[in-house]
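A structural walkthrough
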Amino acid sequence: MNCQTHLYRHQHPLAVSRRWFLKECGVGLGAIALHTLLGDCALAAAKTGDANPLAPRQPHFPAKAKRVIYLFMAGAPSHLELFDNKPQLAKFNGTLPPPELLKGYRAAFINPNSTLLGPKFKFARHGKSGAELSELLPHLAEVADDIAIVKSMHTDAFNHAPGQILMHTGSQQFGRPSLGAWTLYGLGSESRNLPGFVVFSSGSKGPSGGASNWGSGFLPTVYNGVMFRSQGDPILYLSNPKGVDDQIQQDTLDAVRKLDQKHLDVVGDPEISTRINSFEMACRMQTSAPELMDIASEPKHILDMYGVEPGKPSFALNCLLARRLIERGVRFVELFHEAWDQHGNLKADLQKNCKNTDQACAALVKDLKQRGLLDDTLVIWGGEFGRTPMVQGGDDGRDHHPNCFSIWMAGGGVKPGLTLGGSDDFGFNVTTDAVHVHDLNATILHLLGFDHTKLTYRFQGRDFRLTDVHGQVVEKLLA
């Protein structure tokens, strides 16, 4: 049997899809479904094409922080070598942990009943606050009174990809919007010429969680993070190819926009608005991006403070570019440095990693402060979990550990000089002022002016939020 309509005559019925039926049949089911899904208001707004989804917006209440720089140390730095000094761990080095400590504990790779490994580096107190820091962090020690150290973080994940995605999206599963995307969705951007959410990556490889760490999930893709390179064009193919001058480019953009606008007027899909916005942003970035990347105007003492070598990609250069981005109105900048997964070679690799990052992290805090930007810029440093007190890899490695880890924060309404929380004698479990990943994200959103329970987006029949059904603002962290 074949179809007998003049459009599909002689085609087998199975070749005529359900999509055709919904779109073409006379009762207009396709249009009805579209209106139901989008809502009349959303459809009308999308059809106008005038509303800028990245226009600056006001939060729920006055914010302490207007922008965020997230220094994400992917791979999970060892809190026991950097922030959480445990003399008892050194005392019992080489012995088995107490059996009650391991009850119900799951490790990623090691047998939990492995011997304890004492800290590899010395600690000292710094600043008026008396913050205790490792000898590996001499530059951070200089800004000890400007940062807040949280030594009582804990998470639900003990492998890298789920742990990173949980930190960023509030879920271990793919498909949720990231913290940067939620921030952009809530606040918009103050920059018309650069993306509102920019990402850099350095270290030995990219983050295990991949682009989900800066993705927009089910939010419109206009809120997606944009990966920049720190050398050459920040985005591949940003420059025009040979033979394409400004007039040809503008004529092409005008034609594409007209076609996209016609399609938008018919179907009202917000992703078409995103496409229009992306083409126009790319055009503006042909001027703004080279100016951003040109650090020739930076004084030598600033380059030296960060440890930047002009022309050489590095975490230090990314820190400097992060400052330049927020000066130009970018709302959220995230720097991934994937190098901290020390299952072995712990001592040498930590020395190398801290040499590559400590100076630039401290310089960023100093630089923002001297420019009057630290008060309303939130800086966050941390990884996806901590490392075990037990040894892995002979006598020079630690496994993944979700029960306890450390981060630090600065600026943007965070109480400076604070050390929050504590853990047991082995740095195994949190004992005071526990801060879950959801609590951290709730606190970040609070500093940005949002009630985390009310910053929501309706998807698949329910209102989603970054913290899902969890999270409490950590009041002790607030200045």
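Quick look at the structure, then.

Our next topic: the overall build of the chain. Counting its secondary structure elements, the chain contains 14 helices and 17 strands. Every one of the 479 residues in the chain was classed for burial, and the buried ones make up 51%. Counting only contacts in the chain whose residues sit at least 6 apart along the sequence, the fraction spanning at least 24 positions is 77%.

Approximately 510 Å³ is the volume attributed to the second largest pocket. Lining the second largest pocket are 28 residues, and of these S314, F315, H337, N356 and T357 sit closest to its centre. Contributing elements (two or more residues each) for the lining of the second largest pocket: strand 5 (197–203), helix 12 (315–327), strand 7 (332–338) and helix 13 (346–370). When residues of the lining of the second largest pocket are assigned to their parent elements, the largest contribution, eight residues, is made by helix 13. Here the lining of the second largest pocket is built from residues that sort into seven nonpolar, 14 polar and seven charged.

Let us now look at helix 14 (residues 437–447). With ten of its eleven residues buried, helix 14 lies for the most part within the structure. Here helix 14 has its buried residues at V437, H438, D439, L440, N441, A442, T443, I444, L445 and L447. In the segment just after helix 14, G449 is the residue with positive phi, at about 100°.

Turning next to the side chain of H79. Assignment of secondary structure puts H79 in helix 4 (residues 79–82). A residue is classified by how much of its surface remains accessible, and H79, at 1% relative accessible area, is buried. Setting aside its immediate chain neighbours within four residues, H79 contacts D84, G386, R387, H401, C404, F405, S406 and G427.

This brings us to the packing of helix 12 against helix 13. Viewed as axis vectors pointing N to C, helix 12 and helix 13 meet at an angle of 20°, and their least axial separation amounts to 8 Å. Classified by the angle their axes make, helix 12 and helix 13 are roughly parallel. For the pair helix 12 and helix 13, the crossing hand works out as right-handed. Between helix 12, through F315, A316, C319, R323 and I326, and helix 13, the contact on the second element is made entirely by N356, T357, A360, C361, L364, D367 and L368. Classifying every residue of the contact of helix 12 with helix 13 gives eight nonpolar, two polar and two charged.

The next point concerns the pairing of strand 3 (residues 131–134). Burial along strand 3 is two-sided: the face carrying A131 and L133 and the face carrying E132 and S134 are both buried. For strand 2 (residues 123–126) and strand 3, the ladder comprises four bridges, and the chain directions are antiparallel. By the bridge assignment for strand 3, R125 is matched with E132. Between the antiparallel neighbours strand 2 and strand 3 lie four residues, among them G127 with a positive phi of about 70°.

With that settled, consider the state of the cysteines. Counted by the stated rule, this structure contains zero disulfides. Of all cysteine sulfurs, the one in C361 lies closest to C354, which takes part in no disulfide; the gap is 9.3 Å.

Turning our eyes to something else, we now look at empty space enclosed by the protein. For the structure on display, the rule yields two cavities of 30 Å³ or more. Taken as a whole, the largest cavity holds about 50 Å³ of empty space. In terms of residues, the lining of the largest cavity owes the most to one element, helix 13, which gives three residues. Tallied by class, residues from the lining of the largest cavity come to six nonpolar, one polar and one charged.

On to the pattern of salt bridges. Counted under the stated rule, the structure contains 24 salt bridges. Between R125 and E132 there is a salt bridge, with its nearest N and O atoms 3.7 Å apart. Here R323 ties to E327 by a salt bridge, and the two come within 3.1 Å at their closest N and O atoms. Taken together, the positions of R323 and E327, both in helix 12 and four residues apart, correspond to about one turn of that helix.

Moving on, we come to unusual backbone geometry. Residue D433 is not a glycine yet carries a positive backbone phi of 50°. Among the secondary structure elements, D433 is positioned in the loop between strand 14 (430–432) and strand 15 (435–436). D433 gets classed as partly exposed once you look at its relative accessible area, which sits at 33%. Phi is positive for D468, close to 55°, though the residue is something other than glycine. Among the secondary structure elements, D468 is positioned in the segment after strand 17 (462–464).

Basis of the calculations
Residues numbered from 1 in each chain as written. Predicted model: local features only at pLDDT ≥ 70, side-chain atom pairs only at ≥ 80, totals over all residues. Heavy atoms only, no water. Helix = DSSP H or I, 4+ residues; strand = E, 2+ residues; numbered from the N terminus. Buried < 20%, exposed > 50% of the residue type's maximum accessible area, 1.4 Å probe, protein only. Contact = heavy atoms within 4.5 Å. 1 Å grid on protein atoms, 1.4 Å probe; cavity = no way out; pocket = protein on both sides within 12 Å on 5 of 7 lines; lining within 4 Å. Points joined across faces, edges and corners; volume = space filled by probe spheres on them. Nonpolar A, V, L, I, M, F, W, Y, C, P; charged D, E, K, R; others polar. Axes fitted to C-alpha atoms, helices over the stretch in contact; angles between N-to-C directions. Parallel < 35°, antiparallel > 145°, perpendicular 65-115°, else oblique. Left-handed = near helix turned anticlockwise from the far one by under 90°. Pairing = 2+ DSSP bridges. Disulfide = S-S within 2.5 Å. Salt bridge = Lys/Arg side-chain N within 4 Å of Asp/Glu carboxyl O.

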